[in-house]
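Structure assessment
Spelled out from the first residue to the last, the chains are:
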Amino acid sequence: PITDHLNFSIVLHRIGWLVIHTFAAIIIIMLQLKNDHYEIGGLDVRQICEDFGSPLYIYDTAKMEAQYKRLQKAFKGSKLKINYACKALSNINVLRFFQQLGAGLDTVSIQEVELGLRAGFAAEEIIYTPNGVSMAEIEKAVAHGVRINIDNLSILEQFGAKYGNSYPVCIRMNPHIMAGGHSKISVGHIDSKFGISIHQRRHLERLVQSLNLNVEGVHMHTGSDILDVDTFLVGTQLLFDVARDFPDLKYLDFGSGFKVPYKADDIATNVEELGQKMTGMFKEFCAEYGRELEIEFEPGKFLVSESGTFCCQVNGLKQTTATVFAQVDTGMNHLIRPMFYDAYHHIENISNPKADPRVYTVVGYICETDTFANDRQIAEVRQGDILAFRNAGAYCFTMANNYNSRYKPAEVLVHKGKAHLITRRQNLEDLLHNQVEMEWSQK
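Report follows, based on the coordinates.

Cut-offs applied
- Residues numbered from 1 in each chain as written.
- Predicted model: local features only at pLDDT ≥ 70, side-chain atom pairs only at ≥ 80, totals over all residues.
- Heavy atoms only, no water.
- Helix = DSSP H or I, 4+ residues; strand = E, 2+ residues; numbered from the N terminus.
- Contact = heavy atoms within 4.5 Å.
- Areas by Shrake-Rupley, 256 points an atom, 1.4 Å probe, with all protein chains shown as cover.
- Buried < 20%, exposed > 50% of the residue type's maximum accessible area, 1.4 Å probe, protein only.
- Arc of directions from axis to C-beta.
- Pairing = 2+ DSSP bridges.

1. Comments concerning the overall build of the chain
- Counting its secondary structure elements, the chain contains 14 helices and 23 strands.
- Sequence separation of at least 24 residues holds for 69% of the intrachain contacts in the chain that already meet a minimum separation of 6.
- Within the structure as shown, the chain displays about 19,700 Å² of accessible surface, and the carbon and sulfur contribution to it stands at 49%.

2. A closer look at helix α3 (residues 45-52)
- Of the positions making up α3, those classed as buried are V45, I48 and C49. Along the axis of α3, the buried positions cluster into a sector of 100 degrees, meaning they face one direction only. Away from its buried face, by an angle of more than 90 degrees, α3 presents the exposed residues E50 and D51.
- In this structure, the buried residues of α3 make contact with β3 (37-40), β4 (43-44), β5 (56-60), β16 (308-319), β21 (386-389) and β22 (410-415).

3. A word on the sheet that holds β4
- A sheet is described by the order of its strands in space; here 3 strands give the open sequence β2-β3-β4, paired in antiparallel fashion. Of all strands in the sheet, those with a lone pairing partner are β2 (32-34) and β4, marking the two edges.
- As paired elements, β2 and β3 share 3 bridges and run antiparallel to each other. The residue bridging Q32 from the neighbouring strand is E39, located in β3.

4. A look at unusual backbone geometry
- Residue P55 is bonded to the preceding S54 through a cis peptide linkage, with omega at -5 degrees.
- Locating P55 in the fold gives a position in the loop between α3 and β5.
- The phi angle at D375 is positive, at roughly 45 degrees, despite the residue not being glycine.
- Examined against the element boundaries, D375 turns out to sit in strand β20 (residues 371-379).
- The backbone of N404 sits at a positive phi, close to 65 degrees, despite the residue not being glycine.
- Looking at the secondary structure, you find N404 in the loop between β21 and β22.
- Note on N404: relative accessible area 33%, which makes it partly exposed.

Okay, here's the thing in structure tokens:
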């Protein structure tokens, strides 16, 4: 049956189960054009940029909450726990916002664990799912009392030798399903470094029995930007099959990977359909298992991607024999996703929204080929205009860096009609903060 599911997952990509969202429907909450002014949460975006400078990340808590409640509603028939994957956007104010909504926290490093605790999450609300870390880091997480999720038989054996059944553990499986919008965000296939292969189940069972491990959960995550609902359902059946090996489970964690729309003709995961189908399957499994388990997800991009807008200013226009470049006051040091994942970010000229569109290649100021968009139609761009990048809430600021010794930008959170500075713009002292200056002899 497992082989049948795997073959099925490879060939099955039915567009019929996808929901198509128009871009106009997406922006009604986030970035809306009113009276020739773009607004976020009722606030003028240009005014926010004037107040806090450029480049600037702006996030809208209303969109975050709407996405969170949408997922809750989709799985309302189950005992559900949503763990926010904080690697997407780890500002402590965002963590506190999700904690207040009732979310748990998905972490992948000891630093994220400690941020979560600082943000007010109880230890049992935090799940720690590292990859390739030392046993010493796992021991630190245990000392904090958080839930531990292990994806390596060798580390699991070391964990069992030290803790036996005195500390519960979750086990991350690799379902061998190729899914996701890009090879760099597909993490459940046979060549992935993540998870324990489903073909190592017997080895896993013997290890658990010999070390008397207390297995409280099993986990799976196949990738990000998954289009097909049935890909999730195939993985669900595989995880059910693994779960039958462990009689004392408390929860099953199905990861995430829900796709959000990026442009007008884009498609997104139909979480309502997924919730309806998966809830029925989960109830049947729990009845067979003998008690109700908790169903968990760990969305990051789904919750925060559409909440974020990245604004930058046009430094100049440069026309060559081949193209017209719009040169902006940012680069791959602030937003690397287009260069790293070939990610698409819709770009609006919020300073000149009613102008006729012209074709531009939008490029950054880094001494690399940091191209944000090639031959993109944008309302006529002038020097000094503010451009806004949509879908900038997930994996954008968290991957920002100081390449070319550039400063990281500021972050602003729009909450209940007010703009709050949540990360100040860096300065030279920040660049030098951890550097140790030697005393140099004049000779």
